[in-house]
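# Report on the structure
The chain contents come next:
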Amino acid sequence: MKKDTFEPYNISDNDFEQCVKCTICTVYCPVVLVNPDYPGPKQAGPDGERLRLKNPDYFDEEALKLCLNCKRCEVACPSGVKIGDVIQAARIKYGTKRPTLRDAIMANTDLVGTMASAFAPIVNTTVALKPVRQIMDKVLKIDHHRIFPKYSGEKFETWYRKHAAAKQDGFKKCVSYFHGCYVNYNFPQLGKDLIKIMNAAGYGVKLLEKEKCCGVALISNGLVKQAARQARHNVRALQKSIVENGHPVVSTSSTCTFTIRDEYPHLLGVNNEDVREQTELATRFLFRLIDGEKLQLVFKKNYSARVAYHTPCHMEKLGWSIYSTSLLQMIPGLELMQLDSQCCGIAGTYGFKKENYETAQGVGQPLFTQIEEADVDCIATDCETCKWQIEMSTTAKVKNPVAILADALDIEATQALWQQQ
Amino acid sequence: MKFDTVIIGGGLSGLTCGIRLMEQGRKCAIVSSGQSAIHFFSGSFDLLSRVNGQEVTNPLESIHSLPSEHPYQRVGQANIARLAEEAPQLLDRAGMVFAGTAKRNHFVLTPMGTMKPTWLTLDDFTSFAKNDKLPLSRATIVNLQGFLDFHTLFIKDGLTRYGVEVQVRNVAMAQFEAIRRNPSEMRSSNIAKVFDQGDALDQFAEKVNKLGKESDVIILPAVFGLFNTTVPAALKARINKPVVLLPAVPPSTPGIRCQIQLRQRFQELGGTHFLGDMVREGKFKGNRLRYVNTNNHGDIQLEADHFILASGSFYSKGIKAGPYGLFEPIFGLDVDGENEREKWFDKQVFNNQPYMHYGVRTDARFRPMINGQPVENLYAAGSVLAGSNPLKEGSGAGICLLTSLHVAEQILQDQDDEERYI
Ligand SMILES: Cc1cc2nc3c(=O)[nH]c(=O)nc-3n(C[C@H](O)[C@H](O)[C@H](O)COP(=O)(O)OP(=O)(O)OC[C@H]3O[C@@H](n4cnc5c(N)ncnc54)[C@H](O)[C@@H]3O)c2cc1C
Ligand code: SF4
Ligand code: SF4
């Protein structure tokens, strides 16, 4: 008999009633391992949901706040329960506490980024100063161990308009780039690297119409209405690019990509059906072209590096690390080692908060140890907050796979291949 | 994406197939929609424990008395005998040491305090040669204060029937107070995580050594060594009496460790492991499966020369039952089993349940069929197969390991044939 005649009945959005109470999720939750105050995915997720449906008083805000939303429980669950979604949806549905000033500041990466970029030299030196970090610790409860990523003076968008935009019209094929806050405010070089690769591959790179922050930090800090507003705005911008202009959208951040593809519909109720499939990581976009023999990348002959790949939680959930690692493995002279897939503990703004510092470092410890023991030149990873956390907690240097590819790519030779056609 | 073989399901069967093929230099990918039944592993792999309700002494001989549609009969007795030697070697190469032989079942103590025949037992646990007598007269059962998943009184009752004098003791440890604040989290894997690091194990051993001075053995729940493989040996070295570990309520600590070791072995050999992804459907050309699509990879297809279906039984949704009958949810393969609901069950719950025998129908080479036609390059292995009742027979892991090794051989042979042809 043919499949799934039965499936549509009686299934909730997050499949919570599919739970068979096997406790496998709890085995793989990185928080349970280090913080006994966290009840674990089974209790906080499907078990708690059953109680909350009976009586919302069972909602335990303080406990559920400890979830990193890493989704490693979902990856392990044999019954397909979207445990992380159940937990985050409960926080949205039942949460009553208003976000603190600190949470609101940290969540608004967009706004803070715009202001900080304008005053980058002052901000960078100020937030790096020890007394300032102590005050931030005391007043804002941002842990003083944390060093904020530096703000770049010129926003990526500004650079793009000045130096790159005009050239992009010369390409027959185009993609739009969802650069995210990190590239815009902290590290425009990654965006420049992406443009370099895409242009070499024969693709022009456009920007979206008024891209806004994907909203991941707004969601985790309880600013859901604002997150939904930004999500709707972004989906409209994606539609314009994908549906109207036929330009697929690529990103260099696994978290932005994951948030747009999955958290928008699952947590914010924002329909992204017509753009989801064509919103993806740049490495996946490139892999598909190469896999389908529509693109060939030529690399420098003298490139040599030893690299270890760290799988960010959202990459584990997306199942996409294979694309980034396959591209890296195509570089002759690059030796790739795969680190065990484990959470680094930062989870966006989570690890910056004073009350979470110990949990975050405890979660990341096995990864840090493995990194310190690995004999490599750099760590590759697709997530910017993993990069911060690893650089703050180890001696290693961390790069996005796109940055490594751009470094190793022989631009002229790659360009020549498709220009001949 | 192109592989030599794509395996659907990352349980004992899928991993066994994957390791075997990778060892022979084939490029494999495993797609698994979640963790598997090994997480419920008792500590022993069964080959054949009972036929027609009678306990089996020599599994290899007793295979004769199984019905002809049974997977063992279809693999063939000579093959089974050979593969049953290979299976523990494969496990050994993955870092797991098992004791036992297919020519004679040994016995293990169950958490009910009874003796059970089995084939291979992980070296965490204790094997006994006989089941009528235990080589001990006094035992101390030690549990952790607040751990409800280890039923000491059942064990005590059972052992008393063997004439063993039993005392039950509890050990309280400060390390577990934090976990105990939440009664439902005092579970074996959380306890094992505490013993995995630090000095909890030393402290525990010290306390136990004070309790069991008069006993021949110390009986403990198997909550040692989750991510750290050295813990069980360290425990036994620190306790100055022989230690007998007994399974606690799942998820099983040694089971999870085995799952991790198998997965690591597969990845160290160069295998690609996609966890948390689900194969949705396949695309056929004639009688050949060309590629499969998964949730995570979307339009990027997983192509392969061969495919293996190791998607498990009802528990793992390899086979499903709906109001209109039984079905295999990925490809809609032919299923052996009754479609009318009334025929699925025997009202006596402990009887041989018909549904336990249901599974995918395969040809002589273990290739599943669609409308009676075998798919040329698709094979099925493990608990997704029809024709056995693993629970009644005590044959679960045996069927998984041996059909998997057999299927891997079919594929290797198939490829050799093709190469010769070219
Ligand atoms: C609770 C329980 C306890 C057991 N204990 C023992 C024991 O102690 N000793 C013993 O000898 N036997 C035991 N057995 C028997 C058991 O059947 C086998 O031991 C064995 O573990 C089954 O392995 P498998 O690989 O065939 O299937 P499974 O372990 O069920 O694995 C199948 C895998 O396929 C995946 N999958 C299914 N559909 C898809 C899809 N569409 N796409 C991708 N992946 C998919 C599932 O997520 C799962 O991970 C037990 C069985 C159960 C259910
Ligand atoms: S792993 Fe899935 S089925 Fe098992 S307890 Fe967790 S949510 Fe429930
Ligand atoms: S999402 Fe991560 S932190 Fe939250 S319950 Fe799941 S595994 Fe634990």
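Every chain's residues receive numbers from 1 upward, in the order its sequence appears when written. All chains are assigned letters beginning at A, and all ligands numbers beginning at 1, according to the order in which they are written. Local features in a predicted model are, by the rule used here, given only for residues with pLDDT of at least 70; side-chain atom pairs are given and counted only at 80 or more, and totals for whole chains, interfaces and linings are based on all residues. Values shown for side chains rest on all heavy atoms present in the structure; no hydrogens or waters enter the calculation.

Looking now at the site of ligand 3. The nearness test applies per residue and asks whether one of its heavy atoms lies within 4 Å of the molecule or strand. In the vicinity of ligand 3, the contacting residues are A:Cys29, A:Pro30, A:Val31, A:Tyr38, A:Pro41, A:Cys67, A:Leu68, A:Asn69, A:Cys70, A:Lys71, A:Cys73 and A:Ile87. Of the residues belonging to the shell around ligand 3, the class tally is 10 nonpolar, 1 polar and 1 charged. Ten residues, namely Ala, Val, Leu, Ile, Met, Phe, Trp, Tyr, Cys and Pro, are considered nonpolar, four, namely Asp, Glu, Lys and Arg, are considered charged, and the remaining ones, Gly among them, are considered polar.

Take the sheet that holds strand 3 (residues 44-45) of chain B next. Residues and elements named next belong to chain B. A sheet is described by the order of its strands in space; here 3 strands give the open sequence 3-9-6, paired in antiparallel fashion. What marks the edges here is a single partner per strand, and that holds for strand 3 and strand 6 (98-99). Pairs of strands are assigned from DSSP output, requiring at least two bridges between the strands. Numbered from the N terminus, helices here are DSSP runs of H or I no shorter than four residues, and strands are runs of E no shorter than two. Examined bridge by bridge, strand 6 and strand 9 (residues 120-122) share 2 bridges and lie antiparallel to one another. Bridge pairing in strand 9 links Phe-98 to Leu-122.

All names here are of chain A. Close contacts around ligand 2 come from 14 residues, with Cys-19, Cys-22, Thr-23, Cys-25 and Cys-77 the closest. Going through the elements one at a time, helix 1 (24-28) and helix 3 (41-54) are the ones with two or more residues in the shell around ligand 2. Among the residues forming the shell around ligand 2, the class breakdown is 10 nonpolar, 2 polar and 2 charged.

A word on unusual backbone geometry. Backbone phi values are negative for most residues with the exception of glycine, while trans is the configuration of most peptide bonds. Geometrically, the link from B:Pro250 to B:Pro251 is a cis peptide bond, its omega value of 5 degrees lying close to zero. Its location among the elements puts B:Pro251 in the loop between strand 13 (243-246) and helix 10 (253-268). The phi angle at A:Asp15 is positive, at roughly 55 degrees, despite the residue not being glycine. Tracing the sequence through the fold places A:Asp15 in the segment before helix 1. Burial status follows relative accessibility: with a 1.4 Å probe on protein chains alone, a residue under 20% of its type maximum counts as buried, one over 50% as exposed, and anything between as partly exposed. With a relative accessible area of 18%, A:Asp15 lands in the buried category. Despite not being glycine, B:Asn52 has its phi angle at roughly 50 degrees, a positive value. Topologically, B:Asn52 is positioned in the loop between strand 4 (50-51) and strand 5 (54-55). For B:Asn52, a relative accessible area of 72% gives the class exposed.

Turning our attention to the pairing of strand 16 (residues 288-294) of chain B. Residue and element names in this part refer to chain B. Of all 7 residues making up strand 16, 5 are buried, and the element is well covered by its neighbours. Judged from the 6 bridges that link them, strand 15 (residues 279-285) and strand 16 form a sheet pairing that is antiparallel. Paired with Lys-283 across the two strands is Tyr-291, which belongs to strand 16. Two elements, strand 16 and strand 17 (residues 302-309), share 2 bridges in a ladder whose sense is antiparallel. From the neighbouring strand, Tyr-291 faces strand 17, where its bridge partner is Glu-303.

In this section: the confidence of the model for chain B. Any residue range with low pLDDT should be treated as having predicted coordinates unsuitable for detailed reading. As a per-residue measure, pLDDT reflects the predictor's confidence and takes values from 0 up to 100. Looking at chain B as a whole, the pLDDT averages 94, with 98% of positions reaching at least 70. Taken over the whole predicted complex, pTM reads 0.93, whereas the ipTM for its chain interfaces reads 0.91.

One frequent convention defines the size of an interface as the accessible area lost when the parts assemble. Contacts are assigned to residue pairs with any non-hydrogen atoms lying within 4.5 Å of each other. Each partner contributes residues to the interface: chain B has 46 residues there, and chain A has 40 residues. Carbon and sulfur atoms make up 53% of the area that chain B and chain A hide from each other, which totals about 3,500 Å². Within this document, salt bridges are pairs made up of a side-chain nitrogen of Lys or Arg and a carboxyl oxygen of Asp or Glu, the two lying within 4 Å of each other. Joining chain B to chain A, the criterion identifies 1 salt bridge. Pairs of N or O atoms within 3.5 Å make up the polar contacts considered here, provided that, within protein, one atom can donate a hydrogen while the other can accept it, and that residues adjacent in sequence are counted only when both atoms are side-chain atoms. Summed over the shared surface of chain B and chain A, the number is 12 residue pairs in polar contact (both at pLDDT 80 or more). Mapped onto the side of chain B that touches chain A, the elements with two or more residues apiece are helix 6 (177-180), helix 7 (188-196), strand 14 (272-275), strand 15, strand 18 (320-322) and strand 19 (325-327) of chain B. Residue composition of the side of chain B that touches chain A, grouped by class: 20 nonpolar, 17 polar and 9 charged. Defined here as a combined quantity, buried area equals the accessible surface (1.4 Å probe) lost by two parts on assembly, summed across both.

Its place among the elements puts B:His70 in the loop between helix 2 (59-62) and helix 3 (71-75). Looking at B:His70, the relative accessible area reads 0%, which means it is buried.

Residues and elements named next belong to chain B. Taken domain by domain, chain B comprises domain 1 (2-100 + 257-421) and domain 2 (127-241). Where each domain starts and ends follows an automatic or database-derived domain assignment. Averaged C-alpha coordinates put domain 1 and domain 2 at centres separated by 35 Å. Counting residues at the interface gives 5 residues for domain 1 and 8 residues for domain 2. In total, domain 1 and domain 2 occlude about 420 Å² of area from one another, counting both sides; carbon and sulfur atoms represent 49% of this. Across the domain 1-domain 2 interface, the total number found is 0 salt bridges. Applying the counting criterion to the domain 1 and domain 2 interface returns 3 residue pairs in polar contact (both at pLDDT 80 or more). The element contributing the most residues to the side of domain 1 that touches domain 2 is helix 10, with 3 residues.

Attention shifts here to helix 13 (residues 188-200) of chain A. Residues and elements named next belong to chain A. For helix 13, built from 13 residues, the straight-helix expectation of 18 Å at 1.5 Å per residue is met to within 8% by its first-to-last C-alpha distance of 19 Å. Of all the positions in helix 13, only Pro-188, Leu-190, Gly-191, Asp-193, Leu-194, Ile-195, Ile-197, Met-198, Asn-199 and Ala-200 are classed as buried. Just downstream of helix 13, Gly-202 is the residue with a positive phi angle, here 95 degrees. Expected helix span is given by 1.5 Å per residue-to-residue step, counting one fewer step than there are residues.

Patch membership is restricted to residues that have no salt bridge and whose relative accessible area is over 30%. Joining uses 9 Å for like charges and 5 Å for the nonpolar side chains Val, Leu, Ile, Met, Phe, Trp and Tyr. Accessible areas in this description were obtained via Shrake-Rupley with a 1.4 Å probe; residue shielding takes into account the shown protein chains only. Under the counting rule used here, the positive set is Lys and Arg, the negative set is Asp and Glu, and His together with the chain ends is not counted. Lys charges are placed at NZ, Arg charges at CZ, Asp charges at CG and Glu charges at CD. Side chains of A:Lys225, A:Arg229, A:Arg232 and A:Arg236 sit close together on the surface and give a patch of like positive charge. In this structure, A:Lys225 sits in helix 15 (residues 224-244).

On the surface, A:Leu33, A:Val34 and B:Phe227 cluster together to form a nonpolar patch covering roughly 230 Å² of accessible area. Inspection of the secondary structure puts B:Phe227 in the loop between strand 12 (217-221) and helix 9 (231-238). Judged by its relative accessible area of 41%, B:Phe227 falls in the partly exposed class.

With that out of the way, let us pick up the sheet that holds strand 12 of chain B. Sheets are built from strands paired through backbone hydrogen bonds, the pairs being either parallel or antiparallel. All names here are of chain B. An order of 11-10-12-13 is seen for the 4 strands of this open sheet, with the pairing classed as parallel. Looking at strand neighbours, the two that pair on one side only are strand 11 (165-171) and strand 13, the edges of this open sheet. Each strand of the sheet is rotated relative to its neighbour by a mean of 25 degrees, with strand direction disregarded. A fitted line through C-alpha atoms represents every axis, and for helices the fit uses only the stretch in contact; the resulting angles, taken between N-to-C directions, go from 0 to 180 degrees.

Residue and element names in this part refer to chain A. With their axes 8 Å apart at the nearest point, helix 3 and helix 6 (residues 83-94) run at an angle of 50 degrees to one another. With respect to helix 6, the axis of helix 3 lies oblique. Pair helix 3 / helix 6 crosses with left-handed handedness. In this structure, helix 3 contributes Pro-41, Ala-44, Gly-45, Pro-46, Glu-49, Arg-52 and Leu-53 to the contact, and helix 6 contributes Ile-83, Val-86, Ile-87, Ala-90, Lys-93 and Tyr-94. Its residues assigned to classes, the contact of helix 3 with helix 6 shows 9 nonpolar, 1 polar and 3 charged. The scheme is simple: roughly parallel for angles under 35 degrees, roughly antiparallel for over 145, roughly perpendicular for 65 to 115, oblique for anything else. Note: crossing handedness is left-handed where the near helix turns anticlockwise from the far helix by less than a right angle, and right-handed where it turns clockwise.

Residues and elements named next belong to chain A. Disulfides are defined in this document as cysteine sulfur pairs within 2.5 Å. Applying the stated criterion across every chain yields a total of 0 disulfides over all chains. The structure places no disulfide on Cys-343, whose sulfur is separated from the nearest cysteine sulfur, that of Cys-313, by 3.6 Å. Sulfur of Cys-386: no disulfide; nearest cysteine sulfur belongs to Cys-383 and is 3.6 Å away.

All names here are of chain A. In terms of domain boundaries, chain A breaks down into domain 1 (16-94) and domain 2 (305-408). The gap between the C-alpha centroids of domain 1 and domain 2 is 26 Å. Each partner contributes to the interface: domain 1 provides 14 residues, whereas domain 2 provides 16 residues. In total, domain 1 and domain 2 occlude about 1,200 Å² of area from one another, counting both sides; carbon and sulfur atoms represent 62% of this. The three residues of domain 1 that bury the most area against domain 2 are Val-34, Leu-68 and Arg-72, which together make up 47% of that side's buried surface.

Helix length check: helix 3 of chain A (14 residues) gives 19 Å between terminal C-alpha atoms against 20 Å at 1.5 Å per residue, within 8%. Consider a residue and the seven residues that end there alongside the seven that start there; fitting an axis to each set, the bend is the angle between those axes. Maximum bend of helix 3 of chain A: about 50 degrees, positioned at A:Gly48.

In this model, chain A carries an average pLDDT of 88, and 86% of its residues clear a pLDDT of 70 or more. Within the model, pLDDT remains below 50 along residues 1-6 of chain A, and this stretch shows 22 contacts once partners closer than five positions in the same chain are excluded.

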